Amino acid sequence: MSLVVVSSSCDIDEDITTTLPPKIILDNETGIYTVKQGREIVIAPDYEFAEGATYSWTMNGEVLGSSPSLKFMQEEVGKYFVTIAVSNEGGVSKEEIRVDVVELEIPTVSIVGEKKLMVAAGTEVKFNATIRETSLATKFSWSINGSKVSEELAHTFKADIIGNHTIIATASNDDGSHSDTVNIEVLDAKDMPFVWQFDRTSYHSVVGRKLLIKPSKVSEDSQVQYYWQIAGNDATSSDKQFVFTTHKAGVYPILATATTLKGENRITISHSFTVTIYEEDKFYRAKSSLSKADWNKVYEYTPAPGQFINELKTGGFDGSQTTMKAAIAYAEGRLNSANWVSLGGFGGYVVVGFDHSIDNSGSYDLGVIGNAFDDSSEPGVVWVMQDENGNGLPDDTWYELAGSESDKSETIRNYAVTYYRPSSTGMPVQWTDNMGNNGEIDYLSQFHTQDYYYPLWIEKDSYTLVGTRLEARNYDKSGNGSYWVQPSYDWGYADNFSSSDFKSSNKANLFKISNAVDFEGKKVELSHIDFVKIQSAVNSKSGWLGELSTEVCGFYDCSLKK
């Protein structure tokens with residue numbers, strides 16, 4: 001017997017597999033990405049079941065890429081929608097993402113003010129920059145002509161070098177940089193189309209007194225804007241000159257700026273001043289048993305041209321007076337010998353000091369000796385000064401001693417005459433004044449032989465003298481030019497045959513310190529004085545007698561004169 005076995009068979013080891021569709025895992029849960037314009041962002045999702053998959057990045061139907069990640073960049077700010085599609089045998093997966101392209105945070109810098117300036121050499125120009133804030137750390141710098149000079153927002157440019165200069169302010173951060181530029185043309189002061197000049201930068205005064213800071217030369221331009229500022233304060237004046245007063249001693253820095261437009265250019269001139277204010281009597285010098293009644297030093301001798309200037313005989317010059325030092329020595333020598341010193345035509349002056357302070361007694365305090373006689377008065381205005389800063393020099397404030405003509409309409413304060421060097425010997429000296437007049441000081445060849453009347457020690461070809469001018473009273477009494485007279489003034493002037501303050505015994509006029517007035521003609525209280533200036537006060541001439549010129553022979557303290 002035989003056994004037959006029949007069986008069925010199947011492959012139980014065969015793997016049964018199913019392909020799953022890919023899965024996209026964004027690296028940003030919101031699906032919103034932010035990038036700055038012009039900058040690149042890489043969008044790199046993670047994937048599952050993506051072996052062998054293909055990738056497609058599209059935006060508005062346009063394919064952007066076919067890699068697992070996308071480098072995305074746009075120049076225009078806006079919202080961009082991008083689709084990522086991943087496919088394999090198991091299917092396709094898609095995700096839409098949004099990319100917000102935002103503006104760069106580049107800092108914006110601006111220099112305050114005009115961008116094109118014209119300034120005089122020596123001018124200080126203050127610049128201030130402003131920066132638009134960003135969320136990024138910002139760096140800032142100033143450069144001048146390509147060289148970095150500061151990292152502060154405020155910078156002062158000192159116009160030391162004549163020529164064109166480029167001032168650039170630059171702000172920068174990680175997003176970029178931005179600059180603003182100012183172009184400055186620096187000119188020599190004499191080449192400026194607008195002029196605003198001062199003779200000094202340092203002033204001194206006393207508590208409670210008015211101090212005038214006045215330009216020596218200024219263009220008459222109604223379009224000019226002036227700005228005066230005391231350090232730490234707002235604008236204090238908008239005039240071309242400045243009146244300073246305070247009731248507290250101290251040092252006060254002052255900045256003055258003038259600006260005007262010439263075409264497209266803004267012209268700027270600035271000046272820095274220092275005003276030092278002292279207490280009254282701080283530098284008072286009391287008399288002692290050794291004090292002398294008379295003057296003890298000549299500090300300045302600047303006459304106007306006149307017939308006795310440089311004159312070798314009557315005038316006492318010897319031709320060696322070619323420097324101010326030599327001219328002062330000449331004046332001292334003449335006064336020491338009780339001889340007269342001529343101040344020439346209008347504005348000529350001499351300054352002397354004493355070995356002590358002269359007190360204000362309320363009565364006659366000062367004597368000035370001249371050579372006046374009846375019908376021959378050549379008045380000089382008297383100015384006095386305290387040594388307010390105690391340095392022993394007449395560099396403080398002059399106060400005029402009021403006289404009988406002070407309040408008259410014919411009297412002119414701040415009258416200025418400019419004298420011009422003759423082009424050849426034996427010629428008259430030409431002059432112009434600040435009222436549009438001109439004339440000449442005659443060369444009197446019948447009496448004098450010096451080359452010319454222009455002072456030998458004045459180096460410039462012209463110079464200007466400023467003072468108080470009195471109305472001329474001289475006239476031709478004969479009617480034919482043979483007899484000129486020069487009547488006296490009532491009181492208050494040197495070299496004046498006054499009936500009230502003239503002592504005929506020594507030809508001295510007497511003066512009261514209590515008559516001192518300031519630049520406004522208002523009374524000022526001076527407890528004492530240290531320096532005296534006499535200045536020729538009339539601009540006139542008397543035919544063959546020549547110009548009216550004040551002469552002085554001496555000065556003294558009345559309280560010490562016996």
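Reading the values: the criteria
- Residues numbered from 1 in each chain as written.
- Predicted model: local features only at pLDDT ≥ 70, side-chain atom pairs only at ≥ 80, totals over all residues.
- Heavy atoms only, no water.
- 1 Å grid on protein atoms, 1.4 Å probe; cavity = no way out; pocket = protein on both sides within 12 Å on 5 of 7 lines; lining within 4 Å.
- Points joined across faces, edges and corners; volume = space filled by probe spheres on them.
- Helix = DSSP H or I, 4+ residues; strand = E, 2+ residues; numbered from the N terminus.
- Nonpolar A, V, L, I, M, F, W, Y, C, P; charged D, E, K, R; others polar.
- Salt bridge = Lys/Arg side-chain N within 4 Å of Asp/Glu carboxyl O.
- Buried < 20%, exposed > 50% of the residue type's maximum accessible area, 1.4 Å probe, protein only.
- pLDDT = per-residue confidence, 0-100.
- Contact = heavy atoms within 4.5 Å.
- Pairing = 2+ DSSP bridges.
- Axes fitted to C-alpha atoms, helices over the stretch in contact; angles between N-to-C directions.
- Core = buried A, V, L, I, M, F, W, Y, C linked by side-chain atoms within 4.5 Å.
- Polar contact = N/O pair within 3.5 Å; in protein donor to acceptor, adjacent residues only side chain to side chain.

**Q** Can you lay out the layout of surface pockets for me, pointing to particular residues and giving the numbers?
**A** Within this model, the largest pocket holds a volume of roughly 2200 Å³. As for the largest pocket, its lining consists of 50 residues, and the residues nearest its centre are Asp-199, Lys-214, Pro-215, Ser-216 and Val-466. Here the lining of the largest pocket gets seven residues from one element, more than from any other, and that element is strand 36 (residues 462-469). In the lining of the largest pocket, the residues fall into 20 nonpolar, 14 polar and 16 charged.

**Q** Describe the pattern of salt bridges, naming the residues involved and giving the relevant values.
**A** A complete count under the given rule lists 20 salt bridges for this structure. Here Asp-160 makes a salt bridge to Lys-158, at a shortest N to O gap of 3.9 Å. A residue is classified by how much of its surface remains accessible, and Asp-160, at 55% relative accessible area, is exposed. Arg-209 serves as the salt-bridge partner of Glu-388, at 3.2 Å between the closest nitrogen and oxygen. Here Glu-388 is found in the loop between strand 31 (380-385) and strand 32 (399-401), whereas its partner Arg-209 is found in the loop between strand 19 (202-206) and strand 20 (211-213), with 179 residues between them in sequence. Each member of the pair, Glu-388 as well as Arg-209, carries the same accessibility label: buried. In this structure, a network of salt bridges that share partners links the residues Lys-36, Arg-39, Glu-105 and Asp-175.

**Q** Now, about the confidence of the model for the protein: what can you tell me, with residues and values included?
**A** In this model, the protein carries an average pLDDT of 91, and 96% of its residues clear a pLDDT of 70 or more. Here residues 1-16 scores under 50 on pLDDT; set against residues more than four positions off or in separate chains, the count is zero contacts.

**Q** So what's going on with the sheet that holds strand 33 (residues 412-420)? Which residues, and what values?
**A** The pairing of strands in a sheet comes from backbone hydrogen bonds and takes either a parallel or an antiparallel form. With respect to topology, four strands assemble into an open sheet ordered 35-34-33-36, the strand pairing being antiparallel. Sheet topology places strand 35 (438-441) and strand 36 at the edges, where each strand pairs with a single neighbour. Taken over all neighbouring pairs, the strand axes of this sheet differ in orientation by 30 degrees on average, direction set aside. Two strands pair when backbone bridges link them, and strand 33 and strand 34 (residues 429-433) are joined in this way by four bridges, in the antiparallel orientation. For Tyr-419, the partnering residue across the bridge sits in strand 34 and is Trp-431.

**Q** Describe the nonpolar core, and please don't skip the residues or the numbers.
**A** In terms of nonpolar packing, the biggest core is built from 56 residues, with Tyr-301, Val-350, Val-382, Tyr-419, Val-532, Ile-534 and Phe-555 touching the most fellow members. By size, the runner-up hydrophobic cluster in this structure holds 25 residues, among which are Leu-187, Phe-198, Val-224 and Ala-256.

**Q** Residue-level account of the side chain of Arg-209, with values.
**A** With relative accessibility at 6%, the residue Arg-209 sits in the buried group. A polar contact of 2.4 Å, which involves the side chain of Arg-209, links it to the side chain of Glu-280.

**Q** Kindly report on the sheet that holds strand 31, identifying the contributing residues and their values.
**A** The strand order across the open sheet built from six strands is 27-29-42-31-32-41, with neighbouring strands paired in antiparallel fashion. At either end of the open sheet lies a strand with only one pairing partner, and these are strand 27 (297-302) and strand 41 (516-517). The pairing of strand 31 with strand 32 spans two bridges and is antiparallel. In the sheet register, Trp-383 faces strand 32, and the bridge partner there is Glu-400.

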